[in-house]
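Each chain, written out:
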Amino acid sequence: MKILDQNSTYTFRSYFELPNDTDEILAEFNYRLVKTRVKLPKTNRHLENIEQLKHNLEETLPYVMLNSELARREILVAPILSRVAVICQKILRIEYPLKVNNLLQGSLDYLLRGENTLIVVEAKRDDLTRGFTQLAVEMIALSMWEENNRVIYGAVTLGSAWLFGILDAHNQTITEDISIYTVPDNVIELVKILVGILEGA
């Protein structure tokens with residue numbers, strides 16, 4: 001049974017709203033979902049100011065109410081991604097517009113291009129599962145838009161929790177990591193992974 005109406009228009013956020021499971025939606029694009037523990041790239045080099053980033057987060061969190069998407073974005077997500085952009089000397093694109101067709105269009109919350117391309121999606125309403133569905137569809141769209149991109153990395157985040165996925169265009173699979181990285185506890189490891197992805201570690 002087809003889920004998507006080929007004559008209708010869907011934005012990336014529409015996929016967050018759909019009641020169907022992630023694997024069913026991905027099947028509409030001829031992709032399959034795999035869930036497993038993923039060995040993500042991780043840089044081994046010394047990173048400047050990363051301990052300071054963790055300290056700043058731990059110092060700030062007791063005094064900020066993270067009760068909105070905007071609050072989480074400004075306090076938790078943006079400081080991490082902007083630090084990664086500086087470390088890798090790559091442009092961080094925010095609300096990046098992308099349109100492949102009427103089924104695949106909208107704005108990517110965050111996009112970083114390096115040795116590998118990385119998309120980051122902020123999960124709405126604290127729902128990582130539906131957030132991952134949206135992330136997976138965005139990775140498919142970017143893969144179709146940039147045909148030389150055989151592997152795309154992605155992360156969906158609540159700000160305090162990060163979940164990774166990997167698109168393999170050749171095998172038409174999207175792998176969802178079963179590990180979750182938390183902030184501020186795992187922020188140093190998280191930044192090393194984000195840098196490792198962008199630098200092709």
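That block above? That's the structure.
Starting from 1, residues in each chain are numbered consecutively following that chain's sequence as written. In keeping with the predicted nature of the model, local features appear solely for residues at pLDDT of at least 70, side-chain atom pairs appear and are counted solely at 80 or more, and the whole-chain, interface and lining totals rest on all residues. As a rule here, side-chain values cover all heavy atoms of the structure and leave hydrogens and water aside.

Enquirer: Would you explain the overall build of the protein chain in this entry?
Expert: Regarding its fold elements, the protein chain presents six helices and seven strands. Counting from the N terminus, the helices are DSSP H or I runs at least four residues long and the strands are E runs at least two residues long. Put simply, the protein chain runs from its N terminus to its C terminus through helices and strands in the order α-α-β-α-α-β-β-β-α-β-β-β-α. Based on C-alpha atoms, the radius of gyration is set beside the globule rule, defined as 2.2 Å times the residue count to the power 0.38. Against the globule reference of 17 Å for 201 residues, the protein chain gives a C-alpha radius of gyration of 16 Å, in line with a compact fold. Principal-axis analysis of the C-alpha atoms places the extent of the protein chain at approximately 50 × 35 × 30 Å. Out of the 201 residues belonging to the protein chain, those deemed buried represent 49%. Should any heavy atoms of two residues lie within 4.5 Å, those residues are considered in contact. In the protein chain, once contacts between residues fewer than 6 apart in sequence are set aside, the share between residues at least 24 apart is 65%. Only the protein chains shown count as cover for residues, and the accessible areas themselves come from Shrake-Rupley with a 1.4 Å probe. Here the protein chain displays about 9,900 Å² of accessible surface, and carbon together with sulfur accounts for 46% of that area. Considering the protein chain, the positive charge centre built from 21 side chains and the negative charge centre built from 27 side chains are found 3 Å apart. Classification of residues uses two cut-offs on accessible area relative to the type maximum, computed with a 1.4 Å probe and protein chains only: under 20% is buried, over 50% is exposed, and between them is partly exposed. Here Asp and Glu are counted as negative and Lys and Arg as positive; His is not counted, and neither are the chain ends. In this description, the location of a charge corresponds to atom NZ of lysine, CZ of arginine, CG of aspartate or CD of glutamate.

Enquirer: I would appreciate a short explanation of the pattern of salt bridges in the present structure.
Expert: Side chains carrying opposite charge are able to pair once their charged atoms draw close together. Salt bridges are identified by distance alone: a Lys or Arg side-chain nitrogen within 4 Å of an Asp or Glu carboxyl oxygen. What the rule picks out here adds up to 10 salt bridges. For K35, the salt bridge goes to E176, with nearest N and O atoms at 4.0 Å. Residue K35 is located in strand β1 (residues 32-36), and its partner E176 is located in strand β7 (residues 173-182); the two are separated by 141 residues in the primary sequence. Two residues, E189 and K42, come together in a salt bridge whose shortest N-O distance is 3.0 Å. Here K42 lies in the loop between β1 and α3 (50-60) and E189 lies in helix α6 (residues 187-199), a separation of 147 residues in the sequence. Accessibility expressed as a relative area gives 31% for E189, which makes it partly exposed. K42 gets classed as partly exposed once you look at its relative accessible area, which sits at 36%.

Enquirer: Help me out: how do you make sense of the nonpolar core in this one?
Expert: Note that soluble globular proteins tend to have their nonpolar side chains buried in a common cluster. Buried residues of nine kinds, namely Ala, Val, Leu, Ile, Met, Phe, Trp, Tyr and Cys, make up a nonpolar core once their side-chain atoms join them within 4.5 Å. Formed by 34 residues in total, the largest nonpolar core has its most connected members in Y15, F29, I119 and I174. When residues of this core are traced back to their parent elements, those giving at least two are α1 (12-17), α2 (22-27), β3 (105-113), β4 (117-122), α5 (128-145), β5 (151-157) and β6 (161-168). When near neighbours in sequence (up to four residues on either side) are disregarded, Y15 contacts L4, Y10, I25, F29, L103, T133 and V137. Counting 33 residues, the second largest nonpolar core, distinct from the first, contains L40, L118, V120 and V183.

Enquirer: Hey, could you run me through the pairing of β5 in this one?
Expert: Strand residues, when the strand is regular, have side chains that alternate between the two faces of the sheet. Extensive coverage of β5 is indicated by the burial of six of its seven residues. Sheet topology places β4 next to β5; six bridges connect them, and they run parallel. Counterpart to V121 in the pairing with β5 is V156. In the classification by handedness, the crossover that spans β4, the intervening α5 and the parallel β5 is right-handed. Counted between consecutive antiparallel strands, the loop separating β5 from β6 contains three residues, among which G159 sits at a positive phi close to 95 degrees. Pairing between strands is defined by DSSP: at least two bridges between them are needed. Crossover handedness is defined here as right-handed if the route from the first strand over the helix to the second strand goes clockwise, with the strands pointing away from the viewer.

Enquirer: Looking at this structure, I do not really get the packing of helix α4 (residues 69-88) against α6. What am I missing?
Expert: For any two helices packed against each other, the geometry is given by the interaxial angle and the distance between the axes. At their nearest, the axes of α4 and α6 sit 10 Å apart, and the two run at 45 degrees to each other. Here α4 lies oblique to α6, going by the angle between them. Crossing angle aside, the handedness with which α4 passes α6 is right-handed. Side by side, α4 and α6 meet where I80, L81, V84, I87 and C88 of the first sit next to V187, L190, V191, L194, V195, L198 and E199 of the second. Only the contacting stretch of a helix is used when fitting its axis, a line to C-alpha atoms as for every element, and angles between N-to-C directions run 0 to 180 degrees. Each angle gets one of four labels, with under 35 degrees taken as roughly parallel, over 145 as roughly antiparallel, 65 to 115 as roughly perpendicular, and the rest as oblique. Two helices that cross are described as forming a left-handed crossing if the nearer one is turned anticlockwise from the farther one by less than a right angle, and a right-handed crossing if clockwise.

Enquirer: Any chance you could explain α4 here in plain terms?
Expert: Most pronounced at V77, the bend in α4 amounts to some 45 degrees, and the proline P79 follows within four residues. By the burial criterion, the buried members of α4 are A71, R72, R73, L76, V77, I80, L81, V84, A85, I87 and C88. One axis fitted to the seven residues ending at a residue, another fitted to the seven starting there: the angle between these axes is the bend at that residue.

Enquirer: Teacher, can you tell me more about the pairing of β7 here?
Expert: Among the 10 residues of β7, seven are classified as buried, and the element is accordingly described as predominantly covered. Relative to β7, β1 runs parallel, the two being bridged by five bridges. In the sheet register, T36 faces β7, and the bridge partner there is D177. Across seven bridges, the pairing between β6 and β7 is antiparallel. Paired with W162 across the bridge in β7 is Y181. Between β6 and the antiparallel strand that follows it, β7, lie four residues; Q172 among them carries a positive phi value of about 50 degrees.

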